[in-house]
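Chain by chain, the residues run as shown.
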Number of protein chains: 2
Amino acid sequence: MELNQHIKIAVDAIVFGYQENSLNVLLIKQKYGALKNQWALVGGFVKDGETLHTAVNRELAEEAGIKVNYLEQLYTFGDDVNRDPRFQVISVAYFALVNSTKLIIKADTDAEDAQWFPVNDLPKLAFDHQLILNTAKQRLKNKLTYQPIGFDLLPKEFLFSELENLYCTILEKEIDRRNFRKKILSFGIVEETEKFGNKKNGRPAKLFKFNKLKYNKLTKEGFIFDIYFA
Amino acid sequence: MELNQHIKIAVDAIVFGYQENSLNVLLIKQKYGALKNQWALVGGFVKDGETLHTAVNRELAEEAGIKVNYLEQLYTFGDDVNRDPRFQVISVAYFALVNSTKLIIKADTDAEDAQWFPVNDLPKLAFDHQLILNTAKQRLKNKLTYQPIGFDLLPKEFLFSELENLYCTILEKEIDRRNFRKKILSFGIVEETEKFGNKKNGRPAKLFKFNKLKYNKLTKEGFIFDIYFA
DNA sequence: ATTTATATGCGTAAATTTTACGCAAAAATA
DNA sequence: TATTTTTGCGTAAAATTTACGCATATAAAT
């Protein structure tokens, strides 16, 4: 077979975190190479013999040193042959969620600098990374309504007000606090703990936790997570 | 930059059609090459300088000679480095819908054979194409409930019973005929024509058509297509 | 010609879910 | 002690979903 193909393949990861009522994304500035001094998504070329999944996990470890709560393939970008000015590169983008309250970005990585940026206040990004990020934002917005992935952005135990704010912030919508709580609780996948959060004001609020096992069980029985608010 | 990468990139297309109350998929059997005498999805290697979109459209034209109603990227398969026994190949899979009632596929030429197969009665497929197909089936099932893509499998003008059967068949569910009709009509995106279908038995049924422009307009205003039946 | 079978088109009551709030309780602060 | 703030629970009205009934229009059977 004559196959003269010189296209290269890369993986990129959009890592979302949620801090102080803001949806943030992890960006990297590399020490060396083509991306020196430019903010970019975590990512790099796939190595021979490596799977896509291995490649993206390796990049997450090497460049950011983080363990994500959620990771799924987002989209493969290859409709602009000049998206990388050096040569033709197709990028398989992944979409990751972390509980960023416990994130410490290691110093001894390939990255010169790594920082959280609010998705609504980003610096100029390398290549077509802004397009990739927009796609990821849209996916997150959609998926939040039909899969229980919001929990992957919060600590294991959280307040209902935190969950509610996360939904309002990401979906950019007003949601009635009481109806939101009722609906989430009606699913039976979130459980009350004995602990209380430490907010300054108001009545002390119980901490809740997401029961993933219960969710998986219910899903097998036909349950469909769905929260949409007009 | 030292980049010694030998992974090759291909595109594959899962083409769905709907005939005689059956969801079918288009398969190709090549007479030469690595896929000789094996049923496989439409697909092939991406050429240097070609976009993914161009590549998949080229393959659809070359191998099947069809014009599809709907095309979207499905998933990129690259988590099994031996999915192609020859060398490491990553495949970007696309998902296509056609109105196969008036479709003439390029049958049995000297280079290949092309045929429709019911998705529930398939021959053994090449490589990991069965996995790709399963992914596509699941995507179709999901998407059918939240995007008006069922119309892309039917003729421009169709009977309500045809639309209803399509939903029942693909979702593998019983749906109340009268409630289904009411719900679809309530969206205001399907219009009655003056024409009637030619069924053998029963009261003559009006032909309907999908108004895509209206759908796009409503979507901009916040409308969300959604048909789920317990 | 009349009856029977089949599929269509419209309607409606009951059950369920969503929506829009009211309000008391538990804490911090003035 | 009063005020402010946030939480937690409740409930009535509105909207939607669900489960059907039934007349109608045609072809096929008698």
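Residues numbered from 1 in each chain as written. Chains lettered and ligands numbered in written order. Predicted model: local features only at pLDDT ≥ 70, side-chain atom pairs only at ≥ 80, totals over all residues. Heavy atoms only, no water.

**Let's talk about the interface of chain B and chain A**
On the chain A side, the residues contacting the 32 residues of chain B number 33 residues. Buried area between chain B and chain A, both sides added, is near 2700 Å², and the carbon and sulfur share of it is 54%. Summed over the shared surface of chain B and chain A, the result is zero salt bridges. Applying the counting criterion to the chain B and chain A interface returns 15 residue pairs in polar contact (both at pLDDT 80 or more). Looking at the side of chain B that touches chain A, the elements that each hand over two or more residues are strand 1 (8–19), helix 1 (52–64), strand 5 (70–77) and strand 6 (89–97) of chain B. (Contact = heavy atoms within 4.5 Å. Buried area = accessible area lost by both parts, 1.4 Å probe. Salt bridge = Lys/Arg side-chain N within 4 Å of Asp/Glu carboxyl O. Polar contact = N/O pair within 3.5 Å; in protein donor to acceptor, adjacent residues only side chain to side chain. Helix = DSSP H or I, 4+ residues; strand = E, 2+ residues; numbered from the N terminus.)

**Remarks on the protein's contact with DNA strand D**
Taken together, 22 residues sit near DNA strand D, with Arg 178, Arg 181 and Lys 182 of chain A together with Arg 178 and Lys 200 of chain B positioned nearest. In this structure, Ser 161 of chain A approaches DNA strand D through a side-chain N or O atom, which is 2.8 Å from a phosphate oxygen. In this structure, Lys 199 of chain A approaches DNA strand D through a side-chain N or O atom, which is 3.4 Å from a phosphate oxygen. Taken together, the residues of the surface near DNA strand D break down into three nonpolar, six polar and 13 charged. (Near = heavy atom within 4 Å. Nonpolar A, V, L, I, M, F, W, Y, C, P; charged D, E, K, R; others polar.)

**Describing the environment of His 129 of chain A**
Residue and element names in this part refer to chain A. If you trace the backbone, His 129 turns up in helix 2 (residues 129–146). Exposure remark for His 129: the relative accessible area of 2% places this residue in the buried category. A polar contact of 3.1 Å, which involves the side chain of His 129, links it to the backbone nitrogen of Leu 41. (Buried < 20%, exposed > 50% of the residue type's maximum accessible area, 1.4 Å probe, protein only.)

**Re the side chain of Thr 76 of chain A**
Examined against the element boundaries, Thr 76 of chain A turns out to sit in strand 5 (residues 70–77). On the accessibility criterion, Thr 76 of chain A (1% relative accessible area) is buried. Engagement of the side chain of Thr 76 of chain A in a polar contact is seen with the side chain of Thr 76 of chain B, the distance being 2.4 Å. Thr 76 of chain A has contacts with Ile 90, Ser 91 and Val 92 of chain A together with Leu 52, Gln 73, Thr 76 and Val 92 of chain B, leaving out every residue within four places of it along the chain.

**A look at the protein's contact with DNA strand C**
Close contacts around DNA strand C come from 22 residues, with Arg 178 and Lys 200 of chain A together with Arg 178, Arg 181 and Lys 182 of chain B the closest. For DNA strand C, the fraction of atoms within 4 Å of the protein that belong to sugar or phosphate moieties is 50%. With respect to DNA strand C, the side chain of Lys 182 of chain B contributes an N or O atom lying 2.6 Å from a base oxygen. Residue assignment for the surface near DNA strand C shows that the elements contributing at least two residues are helix 4 (177–187) of chain A together with helix 4 (177–187) of chain B. Among the residues forming the surface near DNA strand C, the class breakdown is three nonpolar, six polar and 13 charged.

**Considerations on the relation of the copies chain B and chain A**
Taken as rigid bodies, chain B and chain A are interconverted by a rotation of 180° and an axial shift of 0.0 Å, the fit giving an RMSD of 0.4 Å. In the structure described here, the two chain copies are related by an operation that fits a two-fold rotation axis. Same-surface contact between copies: 100% of interface residues of chain B are shared with the interface of chain A. (Least-squares fit on C-alpha atoms with pLDDT ≥ 70 in both.)

**Comments concerning the sheet that holds strand 9 (residues 190–196) of chain B**
Residue and element names in this part refer to chain B. Pairing within the open sheet is antiparallel, and its three strands lie in the order 8-10-9. Single-partner strands in this sheet number two, and they are strand 8 (157–159) and strand 9. Ignoring strand direction, the axes of neighbouring strands in this sheet form an average angle of 45°. Note that strand 9 and strand 10 (residues 206–210) share four bridges and pair antiparallel. Among the inter-strand pairings, Glu 192 is bridged to a residue of strand 10, identified as Phe 208. (Pairing = 2+ DSSP bridges. Axes fitted to C-alpha atoms, helices over the stretch in contact; angles between N-to-C directions.)

**A closer look at the domain arrangement of chain A**
All names here are of chain A. Segmentation of chain A into domains returns domain 1 (8–128) and domain 2 (150–220). Computed over C-alpha atoms, the centres of domain 1 and domain 2 are 28 Å apart. Contact residues are listed per partner, giving ten residues for domain 1 and eight residues for domain 2. Roughly 880 Å² of surface becomes buried between domain 1 and domain 2 when both sides are summed, with 60% attributable to carbon and sulfur atoms. The largest per-residue losses of area from domain 1 upon contact with domain 2 belong to Tyr 18, Leu 23 and Asn 99, which jointly make up 52% of the total buried on that side. Summed over the shared surface of domain 1 and domain 2, the result is zero salt bridges. The interface formed by domain 1 and domain 2 holds four residue pairs in polar contact (both at pLDDT 80 or more) in total. Of all the elements, strand 1 (residues 8–19) adds the most residues to the side of domain 1 that touches domain 2, at three residues. For the side of domain 1 that touches domain 2, the per-class residue count stands at six nonpolar, four polar and no charged. (Domains from an automatic or database assignment.)

**Thoughts on the packing of helix 3 (residues 160–171) of chain A against helix 4 of chain A**
The angle between the axes and the distance between the axes are what describe a pair of packed helices. Residues and elements named next belong to chain A. In the contact formed by helix 3 and helix 4, the axes pass within 10 Å of each other and the chain directions differ by 105°. As judged from the angle between their axes, helix 3 and helix 4 are roughly perpendicular. When helix 3 is examined against helix 4, the residues Phe 160, Leu 163, Glu 164 and Tyr 167 are found in contact with a partner set consisting of Arg 177, Phe 180, Arg 181, Ile 184 and Leu 185. In terms of residue class, the contact of helix 3 with helix 4 is made up of six nonpolar, no polar and three charged. (Parallel < 35°, antiparallel > 145°, perpendicular 65-115°, else oblique.)

**Looking at helix 4 of chain A**
All names here are of chain A. Of all the residues in helix 4, the buried ones are Phe 180, Ile 184 and Phe 187. One face of helix 4 carries all of its buried residues, which in axial projection span an arc of 50°. In this structure, helix 4 carries Arg 178, Lys 182 and Ser 186 as exposed residues pointing more than 90 degrees from its buried face. Turning to helix 4, the residues buried within the fold contact helix 3, strand 9 (190–196) and helix 5 (212–220). For helix 4, the capping residue at the N-terminal end is Asp 176, with a side-chain oxygen 3.0 Å from the backbone nitrogen of Arg 178. Phi turns positive one or two residues past the end of helix 4, at Gly 188, with a value near 75°. (Arc of directions from axis to C-beta.)

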